[in-house]
Amino acid sequence: MKIAVTYENGQIFQHFGHTEQFKVYDVQDGKIVSSEVIDTNGSGHGALAGFLADNGVETLICGGIGGGAQTALAEAGIKLYGGASGDADKAVEALLNDALLYNPDVKCNHHDHEHGEGGHKCGSHGCGSHTCGNH
């Protein structure tokens, strides 16, 4: 299985459509066996879903992501863990241990959002109309 993370300086990059790099992890038997940083070569927004699919990625961890990109990922069969933040390597380890904190209802609409919303993480409490603790 391949897991990709939007990537910048070891951290999860917070805007999917503007990411210049993905760190791609090759996972076998629940363990990371290799990883590499891949440049997007200027691909943006909708093209990134195809870029990931072409690279065999099955799962994406990212920060903010818009609805169109979410749809493109779903159509490409890529599972999304959006609204994540922090260290990329630790996020992948957390995902493999079923402990990744992310926002399943993440939206990025380019008009009234801020990146880096103070590191909000949903644990076992309710966040608005959804609960984040039961992934």
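Thresholds, definitions, all that
Residues numbered from 1 in each chain as written. Predicted model: local features only at pLDDT ≥ 70, side-chain atom pairs only at ≥ 80, totals over all residues. Heavy atoms only, no water. Salt bridge = Lys/Arg side-chain N within 4 Å of Asp/Glu carboxyl O. Helix = DSSP H or I, 4+ residues; strand = E, 2+ residues; numbered from the N terminus. Buried < 20%, exposed > 50% of the residue type's maximum accessible area, 1.4 Å probe, protein only. Pairing = 2+ DSSP bridges. Core = buried A, V, L, I, M, F, W, Y, C linked by side-chain atoms within 4.5 Å. Arc of directions from axis to C-beta. Contact = heavy atoms within 4.5 Å. Polar contact = N/O pair within 3.5 Å; in protein donor to acceptor, adjacent residues only side chain to side chain.

Visitor: Could you give an account of the pattern of salt bridges, naming the residues involved and the relevant values?
Guide: Enumeration over the complete set of coordinates arrives at 1 salt bridge. The partner of Asp-89 in a salt bridge is Lys-23, with the nearest N and O atoms 2.9 Å apart. Of the two residues, Asp-89 sits in helix H3 (residues 88-96) while Lys-23 sits in strand S3 (residues 21-28), which places them 66 residues apart along the sequence. Judged by relative accessible area, which is 36%, Asp-89 ranks as partly exposed. Judged by its relative accessible area of 11%, Lys-23 falls in the buried class.

Visitor: Talk me through the pairing of S3; I want residue IDs and the actual numbers.
Guide: Taken together, the 5 bridges between strand S1 (residues 2-8) and S3 define a ladder with antiparallel strand orientation. Within S3, the position partnered with Val-5 by the bridge is Lys-23. Between the antiparallel neighbours S3 and strand S4 (residues 31-39) lie 2 residues, among them Asp-29 with a positive phi of about 55°.

Visitor: I'd like to hear about the nonpolar core, residue by residue, with values.
Guide: Counting residues in each nonpolar core, the largest one holds 18 residues, and the members touching the most others are Ala-4, Phe-16, Phe-22, Leu-52, Leu-60, Ile-65 and Leu-73. Looking at this core, the elements that each hand over two or more residues are S3, helix H1 (46-54) and helix H2 (67-75). If one sorts the elements of this core by residue count, H1 sits on top with 4 residues. Counting 16 residues, the second-largest nonpolar core is a separate cluster that includes Ile-12, Tyr-25, Ile-61 and Leu-95.

Visitor: Would you mind going over the environment of Gly-30 in detail, with residue names and values included?
Guide: In this structure, Gly-30 sits in the loop between S3 and S4. What makes Gly-30 partly exposed here is its relative accessible area of 44%. Once the C-alpha coordinates of Gly-30 and Met-1 are considered, the two residues, 29 residues apart in sequence, prove to be 9.1 Å apart.

Visitor: Which residues make up H3, and what values do they have?
Guide: For H3, the complete set of buried residues consists of Ala-88, Ala-91, Val-92, Ala-94 and Leu-95. The arc enclosing the buried residues of H3, seen along the axis, measures out at 160°, which places them on a common side. On its buried face, H3 sits against S1, strand S2 (11-12), S3, S4, strand S5 (59-61) and strand S6 (79-81). Where H3 begins, the side chain of Asp-87 points an oxygen toward the backbone nitrogen of Asp-89, at a separation of 3.1 Å. Of the residues flanking the end of H3, it is Asp-98, one or two places downstream, whose phi is positive at about 55°.

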